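The primary structure of each chain is shown beneath.
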Amino acid sequence: QVQLVESGGGLVQAGGSLRLSCAASGRTFSSYAMGWFRQAPGKEREFVAAISWRGRNTAYADSVKGRFTISRDNGKNTVYLQMNSLKPEDTAVYYCAAARRGVLVTTTSEVGSWGQGTQVTVSS
């Protein structure tokens, strides 16, 4: 299993930007499909963005398309989530996720490893 540690969360005003990072341990990071999920208080954890092991394929939730961009640097064992034009409804704990199988990880059932989460709060 890969170990994941997120960073980059914080408090930002609506319309602002944040970049989340997820650092992974292990020499096999490049073989994992990676994703970001989020969970707001009282809600289920939901898919945000996904990227294939080589970075050639990506997927986004409709709610973040055009505003968020997922990327990865396999040389640094890191996946990123650039979040622009943030809205109050983006407020949540954001989790990094890894899946050993499949091209893209878009459902919680596919996730093999989770990070501890990082809080993102968007004020209006």
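The notes below deal with the structure included here. Quantities reported herein were computed from a predicted structural model and do not represent experimental measurements.

## Observations regarding the pairing of strand β7 (residues 68-73)
For step 1, the next point in the chain: Covered by surrounding structure in β7 are F68, I70 and R72 only, the residues T69, S71 and D73 on the alternate face being uncovered.
For step 2, the next point in the chain: Relative to strand β8 (residues 78-83), β7 runs antiparallel, the two being bridged by 6 bridges. In the strand pairing of β8, T69 is matched with Q82.
For step 3, the next point in the chain: Here β7 folds back onto β8, and the loop between the two strands holds 4 residues, one of which, N77, carries a positive phi near 55°.

## Examining the environment of A40
For step 1, the next point in the chain: With respect to the helices and strands, the residue A40 is situated in the loop between β4 (33-39) and β5 (46-51).
For step 2, the next point in the chain: Measuring from C-alpha to C-alpha, the distance between A40 and Q119 comes to 9.6 Å, with 79 residues separating the pair along the chain.

## What to know about the pattern of salt bridges
For step 1, the next point in the chain: Tallied over the entire structure, the rule returns 4 salt bridges.
For step 2, the next point in the chain: When the shortest N-O distance is used, the salt bridge between D90 and R38 registers 2.9 Å. Here the residue D90 occupies a position in the loop between β8 and β9 (92-99), and R38 occupies one in strand β4, the gap between them amounting to 52 residues. Both residues of the pair, D90 and R38, belong to the buried class.
For step 3, the next point in the chain: A salt bridge links D62 to K65; the nearest nitrogen and oxygen atoms lie 3.2 Å apart. K65 carries the same exposure label as D62, and that label is exposed.
For step 4, the next point in the chain: One continuous salt-bridge network, built from bridges that share partners, spans R38, E46, R67 and D90.

## Considering the sheet that holds β7
For step 1, the next point in the chain: Strands sit in the order β1-β3-β8-β7 across an open sheet of 4 strands; the sheet is antiparallel. Edge strands, defined here as strands with exactly one partner in the open sheet, are β1 (4-7) and β7. Each strand of the sheet is rotated relative to its neighbour by a mean of 15°, with strand direction disregarded.
For step 2, the next point in the chain: Where β1 and strand β3 (residues 18-24) come together, 4 bridges link them in antiparallel fashion. Each bridged residue has a counterpart across the sheet, and for L4 the counterpart in β3 is A24.

Rules used throughout
- Residues numbered from 1 in each chain as written.
- Predicted model: local features only at pLDDT ≥ 70, side-chain atom pairs only at ≥ 80, totals over all residues.
- Heavy atoms only, no water.
- Buried < 20%, exposed > 50% of the residue type's maximum accessible area, 1.4 Å probe, protein only.
- Helix = DSSP H or I, 4+ residues; strand = E, 2+ residues; numbered from the N terminus.
- Pairing = 2+ DSSP bridges.
- Salt bridge = Lys/Arg side-chain N within 4 Å of Asp/Glu carboxyl O.
- Axes fitted to C-alpha atoms, helices over the stretch in contact; angles between N-to-C directions.

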